Amino acid sequence: MDVNGTVAEGFEPVRDAFARNFEALGDRGAALAVYRDGRKVVDLWAGTKDVDGTEPWQPGTAQVVRSATKGVAAAVLLLLRQRGELDLDAPVAEYWPEFKARGKERVLVRHVLNHRAGLPVIDRPLTPEEALDPLRGPEAVAAQAPVWEPGTDHGYHALTYGWMLDELVRRVTGLGAGEWIAREIAGPVGAEFWLGLPEAEEAAGRAGRVGRIEAPEPTGALRARPRRSVTEAYQDPDSLTRRAFAAITPFPDQNEPAYRASALPATNGIATADGLARIYAALIGEVDGVRLFDPATVELARAEESAGPDRVLVVNSRLGLGYMLHGSASPFLGAGSFGHPGRGGSLGFADPETGIALGYVTNGFRKTVTADPRAQALVRAVRSAL
């Protein structure tokens, strides 16, 4: 596999790991960017733009990053709090009065971010057409009763997270989360990240086609197998796990222009690897004179809010305010790292201790939810280079 791009001196192991992802782990097309203290030290790409095509990946190729979108979306609420426009400890209904129906009066803004709202599912899943309507998702969540007492436990809000966040942003600012990100985050930082791909970018073919790929057959005596409890949870149509991921049924075709033009802050951000890494770099420090989070907000982002058995993921998870934190479910560089993986492969995170910010995007989605082997191989390589 021909790997394109550059690495700074000392980061050669990262290039090697990136190449091995194609040779041994089945990557079809992918890109990786790493910043250190606001300076790009890794910029790599290889393979094809489309998972099922032959056109080469280009430096500006973008892909759907699924739940890696959540980390960028979380920055919106934290920046609104940093600017004094939003109180994380206020009830959601203070900003969105219709939300308090059916026992949700005590759901706080904080609970939306730390996955403790008790609202990972909706009783009637939305159709793809309904899901792309910016009003229907928030309306469904507002009408939903919590499945546990808000604030008392945590469980990953796979899709409902985005609808709650989007409506909060709209009630506070008058803009949807995608519009706010374009104006206040991606634009100032110079990051190629879109929550709602503009028509001009679609016409220019900026986003590649994504699709499912199978993992290579494991070798050796020790073969990693998912725990039985996890497997059963994903197979049981009545489990919170299945219901949370099935809040849109059937799931839209992620390659359709209408889907890519919509704004679902939980799942359909479109980014280049550089765009994702550049945003995280600007969260923890200056990038070309722009910094997003002040030091207090960085500490807020990486403070543990939820830890232990996750009622949806059925593993031990560590969650902050909109971010996954370093732990067994999603290992990053170290205890102070914060970020978010995307189901199937993509990853974005920052590590304030080392000044590292990483973005990895791929067009080949695997069955992984959090710790994809390809992304983890790259994290280990970055760690070895420090």
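Scroll up to find the structure this text is about.
About the thresholds
Residues numbered from 1 in each chain as written. Predicted model: local features only at pLDDT ≥ 70, side-chain atom pairs only at ≥ 80, totals over all residues. Heavy atoms only, no water. Helix = DSSP H or I, 4+ residues; strand = E, 2+ residues; numbered from the N terminus. Buried < 20%, exposed > 50% of the residue type's maximum accessible area, 1.4 Å probe, protein only. Contact = heavy atoms within 4.5 Å. Phe/Tyr/Trp six-rings, centres within 6.5 Å; stacked < 30°, edge-to-face > 60°. Lys NZ or Arg CZ within 6 Å of the ring centre and 35° of its normal. Expected span 1.5 Å × (residues − 1). Pairing = 2+ DSSP bridges.

S.K.: Sorry, what's going on with the environment of Tyr-35 here?
M.R.: Along the chain, the position of Tyr-35 falls in strand E2 (residues 29-36). Judged by its relative accessible area of 2%, Tyr-35 falls in the buried class. Taking the C-alpha atoms as reference points, Tyr-35 and Gly-208, 173 residues apart in sequence, are found 24 Å from one another. In this structure, Tyr-35 is in contact with Lys-40, Val-41, Asp-274, Ala-277, Arg-278, Ala-281, Val-287, Gly-355, Ile-356 and Ala-357, ignoring residues within four places of it in sequence.

S.K.: What is the right way to read the packing of aromatic side chains from this model?
M.R.: Think of a pair of aromatic rings as described by two things: how far the centres are apart, and how the planes are tilted against each other in angle. Under the counting rule described, the total for this entry stands at 9 aromatic pairs. Ring centres of Phe-332 and Phe-349 lie 5.0 Å apart, and the angle between their planes is 15 degrees; on these two criteria the pair is classed as stacked. Of this pair, Phe-332 sits in the loop between strand E10 (324-325) and strand E11 (338-341) while Phe-349 sits in strand E12 (residues 347-351), placing them 17 residues apart in sequence. The buried category is assigned to Phe-332, whose relative accessible area is 0%. Pairwise contacts between aromatic rings join Tyr-156, Tyr-234 and Phe-245 into one cluster. The cationic tip of Lys-104 hangs over the ring face of Phe-99; the distance from NZ or CZ to the ring centre is 5.2 Å. We note Arg-343 situated over the ring of Phe-245; from NZ or CZ to the ring centre the distance is 4.4 Å.

S.K.: Explanation requested: helix H2 (residues 69-82) in the structure shown.
M.R.: Every α-helix carries 3.6 residues per turn, so stepping three or four residues along brings you back to the same face. If you check H2, its first and last C-alpha atoms are 20 Å apart, about what 14 residues at 1.5 Å a residue would give, namely 20 Å. Among the 14 residues in H2, 12 count as buried, and that is most of the element. Phi for Gly-84, located one or two positions after H2, is positive at around 80 degrees.

S.K.: Can you walk me through unusual backbone geometry in this structure?
M.R.: Residues apart from glycine generally show negative phi values, whereas peptide bonds are mostly found in trans. Of note, the bond from Thr-249 into Pro-250 is cis; its omega dihedral lies within 30 degrees of zero at -10 degrees. Within the secondary structure layout, Pro-250 lies in the loop between helix H11 (240-245) and helix H12 (257-261). The phi angle at Arg-66 is positive, at roughly 50 degrees, despite the residue not being glycine. Note on placement: Arg-66 falls in the loop between strand E4 (63-64) and H2. Even without glycine at this site, His-115 takes up a positive phi of about 60 degrees.

S.K.: Even after reading the chapter, I still don't get the pairing of strand E13 (residues 356-362), so can you show me in this structure?
M.R.: For E13, a buried count of 7 out of 7 residues is recorded, marking the element as mostly surrounded by other parts of the structure. Across the two faces of E13 the burial is the same, with Ile-356, Leu-358, Tyr-360 and Thr-362 and Ala-357, Gly-359 and Val-361 all buried. As judged from the 7 bridges shared by E2 and E13, these two strands associate in the antiparallel manner. Residue pairing for E13: Leu-32 is matched across the bridge by Tyr-360. With 5 bridges joining them, E12 and E13 adopt antiparallel strand pairing. Residue pairing for E13: Gly-348 is matched across the bridge by Gly-359. Linking two consecutive strands that pair antiparallel, namely E12 and E13, is a turn of 4 residues; a positive phi of about 75 degrees is found at Gly-355 within it.

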